[in-house]
Amino acid sequence: MTTNDSWHLLKFGGTSVSTRQNWNNIASIIKRKRAKGKSVFVVHSAVSAVSNRLEALIELAQQGEYHVAYKELVDIHQNLLADMELPSDLLAERYSYLKRLIDGIHLLGEVSDRVRALVMSQGELWSTTIGQTYLSRVFEENVSWLDAREYLYARESRNMDYLCASCHFERDENLLRDVSDTSIVITQGFIANTSDEETVLLGRGGSDTSAAYFAAKIEAERLEIWTDVPGIFTANPNQVASARLLKQLNYEEAQEMASAGAKVLHPRAIRPAQISQIPVYIRSTIDPDIDGTVISSIENSWGMVKAITAKEHITLISMESQGMWQQAGFLADIFAIFKQHNVSVDLVSTSETNITVSLDSLTQVVSEKQLKGLVQELSQMCRVNVMHNCSAVSIVGKNVRAILHKIAPAFSIFETYKVYLLSQAASDLNLTFVIDDEHSSKVISALHELLITNNPNSEILGPTAKELKQTESVSQAKKWWQDKKDTIEVCLAERDSAYIYHLDSVRQNIQNLQSISAIDRVFFAVKSNNNRDVLQTAYDAGVGFETVSSGEVNHILNLFPSIDKSRIFFTPNFADKREYDEILQKGIRLTLDSTYPLKHWPEIFEGKEIFLRVDPNIGKGHHENVRTAGATSKFGIPIYELEDLQPIIEKHNVTVVGLHAHAGSGILTNEHWAEHARLLAETASMFPGVKYLNLGGGFGIKERAQQTELTMSQIDHSLQEVKAEFPQYALWIEPGRYISANIGVLVSKVTQVKQKQNYYYVGLNTGMNSLMRPALYGSFHNIVNLTRLYAEKEHLATVVGPICESTDKLGVEIPFPETKEGDLILIENAGAYGRVMATQYNMRQPAEEVCI
Ligand code: ADP
Ligand code: ASP
Ligand code: MG
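Residues numbered from 1 in each chain as written. Chains lettered and ligands numbered in written order. Predicted model: local features only at pLDDT ≥ 70, side-chain atom pairs only at ≥ 80, totals over all residues. Heavy atoms only, no water.

- In the nomenclature of an unreviewed UniProt entry, the chain is known as aspartate kinase of Kangiella geojedonensis.
- Recorded under Cofactor (unreviewed entry), the UniProt text for the chain is reproduced unchanged: "pyridoxal 5'-phosphate". (UniProt positions renumbered as here; feature names shortened; annotations may be inferred.)

Now the structure itself:
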């Protein structure tokens, strides 16, 4: 490797290295990296099921007949060698070494942890020998094989844990020197060394952790865990078919899931990556083109249940003692016994007479002998009951405590199943129930169904494993700009940046909304996009216009002088008296979102028809700055204040013809508007003149690949129910973003690229002066390199503009290819609240608009 190259650390699990087909995929993955000038450090596991077979072989050798089991192990490898057309004697010496070890175990009738580790390590030594030989054949360059034990050293402790050691992972100059003249390296997962050169293991599933250690030691640019599922899911996808992909996680979330039993990641693998700030990618060797999960330091807000995980086959120890727990030092004495027997505890629950603990099953191996010794000693202090075959099922989610009321109905399933231990993590990241193993899969499925599958707030969840392949291609195919790449390039030939609007999409979006038959009128929120051609298209499609200032009203009147005034609706907020007066004089309907105008300037409303904007009290939306309800929001009249208006209304002969409510933006819950309709219909009984209910906007759009779009037929269905109950009211909506967001992209040329430690900055010709939403409310916009649309994503890029503000970021941690000056970068969903909010800050002109 040259000094400028960077390392990509790839870890392949057991299934990934078990067939020739998968090895072909591995070779292609490495080829792609090499073509990009990356050096590749491969860490891999033993062939699938080999570690289990070695474990079984050790037991058999102690008890009696073990030759058949030994022969089967050899056969698995010989078959693979034959399939891969590799020399049949490649592993001959390694086989006979294993044979000598197990003959020894058989002779002694017992085995130490030292020898056990040595036997188990053979699986990885054999498989990496196969891997290196195969890759040497595929690649013309040198593929070097390292013995992991020369570089990974276990942390020393009083009781050396030979089966579940943890290792040092500081930057390793020796290793870096040893690999400095090679670009493809292959080594074993799972195994390490003591300072006395004794083999140790990192615990079952520990190859992920080996990979993370090596990644930290060579300061790899990224760590990729290639396995047999395309990412981390909301539950084990092999167990729960409806489990959904989690596209992005931060290190804490991934750690929580791994510690709670999501086997796809070994629980010790996160820390080295997190400390060294190396992003971790989880992908499938079988489907290498699916993007999978990225783990990084990204901030995620997830006040929701994100996964159901389980640790199966765990052991509980329940200790009974009459009133002893309160005695000073009693617990210390109990736990001292655990310490003495080198047994670590995972979950704990206590009552006045009982303490129950579960044994840590992921990072320790407790032998029967060890357990027997522990129980014997504990029995001198209390009555001890050991329960095997238990499962710890966890509901993982940030602030579980805060959402307990929402998830409470799910707990009724525990009426049927006995719960031995309940534990809520102090970190407030999970809630765990220990039940019998035999019930675990039913409980997992039921909890997943109740808390995730049926969760209407599923914006951050991706497709299921089955849907994944189709969804990826469909969601790619759906985007209009992919068919217009050439047109966009022509538009940008003479410009550095441009907003490009696709008018067919305006028509399509309006048609979608018009398909909701329960809705009588659609108003387009002019504030979201006031481009003349966009408005003309909306006008031609028959929608009305929702306006928030006399400027907007006049803009519409100028564009469409003969417009029927009932197609304009004015919804001001804290506007002054003159503005209300002007609009009323023009015969345009308006809504009052405060009692102030009626109380203080009743004369201008004399004999007029008005709407009242009610505060629905619960704000909704993707960011607190776009939620427009509740006491902390400046919008709307609280329902309890409406009565105050009755005498004024009567006195001034004002007719309330409509009620109006709007709770925020970016709502993806289909039932939301029916809730509004019901609230308004119930409130409307106060005003006999009401004919219209304006349900507001907030129709969310799909911004991330993993989001589920609104379904118009479901919205219609829920509204029809309300309409059947209250047929006297006409229903209106006033969406903005839904009509104008995905019609527009902001395209800008790359000015410079900069790498600062792990941060890859892509600088554009325009930034927050054109598109303020990310800086204003942290909104997410998918960003792609249009010039290199199908190139491999090498970086997690921060896409920035040229404005002198540190918030001038259009996107952070966006998977991005290697990017060059002059590339065209496309920012999606920029049609709404983009150009309308642009400024000339720094005296830089914002991007101009082009319609296609
Ligand atoms: P490898 O041999 O590649 O290390 P593992 O068997 O250790 O693979 O881990 C992958 C397995 O993890 C998957 O096949 C799946 O059954 C299991 N798994 C458990 N929980 C999850 C989850 N939440 N998301 C994805 N996979 C999971
Ligand atoms: N081969 C080891 C095991 O099966 C380590 C690993 O695959 O991660 O536990
Ligand atoms: Mg694994």
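1. Observations concerning the sheet that holds strand β4 (residues 184–188)
Phase 1 of the analysis: Taken together, eight strands build an open sheet; the order of strands is β3-β4-β2-β1-β7-β9-β10-β8 and the sheet is mixed. At either margin of the open sheet sits one strand with a lone partner, and together these are β3 (143–145) and β8 (248–250). Across the sheet, the mean angle separating the axes of adjacent strands is 20 degrees when strand polarity is ignored.
Phase 2 of the analysis: Where β3 lies against β4, three bridges are found, and the strand directions are parallel. Looking at the pairing, Val143 lines up with Ile184 of β4. (Pairing = 2+ DSSP bridges. Helix = DSSP H or I, 4+ residues; strand = E, 2+ residues; numbered from the N terminus. Axes fitted to C-alpha atoms, helices over the stretch in contact; angles between N-to-C directions.)

2. Some remarks on the site of ligand 2
Phase 1 of the analysis: The full set of residues close to ligand 2 is Ser45, Ser51, Glu124, Phe190, Arg204, Gly205, Gly206 and Ser207.
Phase 2 of the analysis: Between ligand 2 and Ser45, the relevant distance is 3.0 Å, taken from an oxygen atom to a side-chain nitrogen or oxygen of the residue.
Phase 3 of the analysis: A distance of 2.7 Å is found between an oxygen atom of ligand 2 and a backbone nitrogen or oxygen belonging to Gly205.
Phase 4 of the analysis: Taking 260 Å² as the accessible area of ligand 2 by itself, protein coverage stands at 86%.
Phase 5 of the analysis: Of the residues belonging to the shell around ligand 2, the class tally is one nonpolar, five polar and two charged. (Near = heavy atom within 4 Å. Polar contact = N/O pair within 3.5 Å; in protein donor to acceptor, adjacent residues only side chain to side chain. Areas by Shrake-Rupley, 256 points an atom, 1.4 Å probe, with all protein chains shown as cover. Nonpolar A, V, L, I, M, F, W, Y, C, P; charged D, E, K, R; others polar.)

3. Digging into the UniProt feature "modified residue: N6-(pyridoxal phosphate)lysine" (unreviewed entry) in the chain
Phase 1 of the analysis: Here the UniProt feature "modified residue: N6-(pyridoxal phosphate)lysine" (unreviewed entry) sits at Lys527.
Phase 2 of the analysis: Positionally, Lys527 belongs in the loop between β18 (521–525) and α18 (532–540).
Phase 3 of the analysis: Apart from residues lying up to four places away in sequence, Lys527 is in contact with Glu546, Val548, Glu552, Tyr833 and Val836. (Contact = heavy atoms within 4.5 Å.)

4. Considering the site of ligand 1
Phase 1 of the analysis: The environment of ligand 1 is formed by 17 residues, the closest being Thr227, Asp228, Asn236, Asn238 and Lys263.
Phase 2 of the analysis: Contacts to ligand 1 include Val264, whose backbone N or O atom sits 3.3 Å from an oxygen atom.
Phase 3 of the analysis: In the complex, the protein chains occlude 88% of the 570 Å² of accessible area that ligand 1 would expose alone.
Phase 4 of the analysis: Here the shell around ligand 1 is built from residues that sort into eight nonpolar, six polar and three charged.

5. Some words on the packing of aromatic side chains
Phase 1 of the analysis: Enumeration over the complete set of coordinates arrives at 25 aromatic pairs.
Phase 2 of the analysis: Ring geometry for Phe569 against Trp732: centres 5.7 Å apart, planes inclined by 90 degrees, an arrangement best described as edge-to-face. Remark: Trp732 occurs in strand β25 (residues 730–733) and Phe569 occurs in strand β20 (residues 568–570); sequence separation between them is 163 residues. Grouping residues by exposure puts Phe569 and Trp732 together as buried.
Phase 3 of the analysis: Arranged with centres 5.7 Å apart and planes meeting at 55 degrees, the rings of Tyr580 and Trp601 form a pair that is tilted. Residue Tyr580 is located in helix α20 (residues 577–585), and its partner Trp601 is located in the loop between α21 (596–600) and β22 (609–613); the two are separated by 21 residues in the primary sequence. Grouping residues by exposure puts Tyr580 and Trp601 together as buried.
Phase 4 of the analysis: Among the aromatic side chains, those forming a connected cluster through ring pairs are Phe523, Phe569, Phe611, Tyr692 and Trp732. (Phe/Tyr/Trp six-rings, centres within 6.5 Å; stacked < 30°, edge-to-face > 60°. Buried < 20%, exposed > 50% of the residue type's maximum accessible area, 1.4 Å probe, protein only.)

6. Focus on the sheet that holds strand β16 (residues 430–436)
Phase 1 of the analysis: A sheet is described by the order of its strands in space; here six strands give the open sequence β12-β13-β11-β14-β16-β15, paired in antiparallel fashion. Sheet topology places β12 (345–350) and β15 (421–424) at the edges, where each strand pairs with a single neighbour. Direction aside, the axes of adjacent strands within the sheet are offset by 30 degrees on average.
Phase 2 of the analysis: Note: strand β11 (residues 307–320) against strand β14 (residues 383–396), eleven bridges, orientation antiparallel. The partner of Ile308 across the bridge, within β14, is Ile395.

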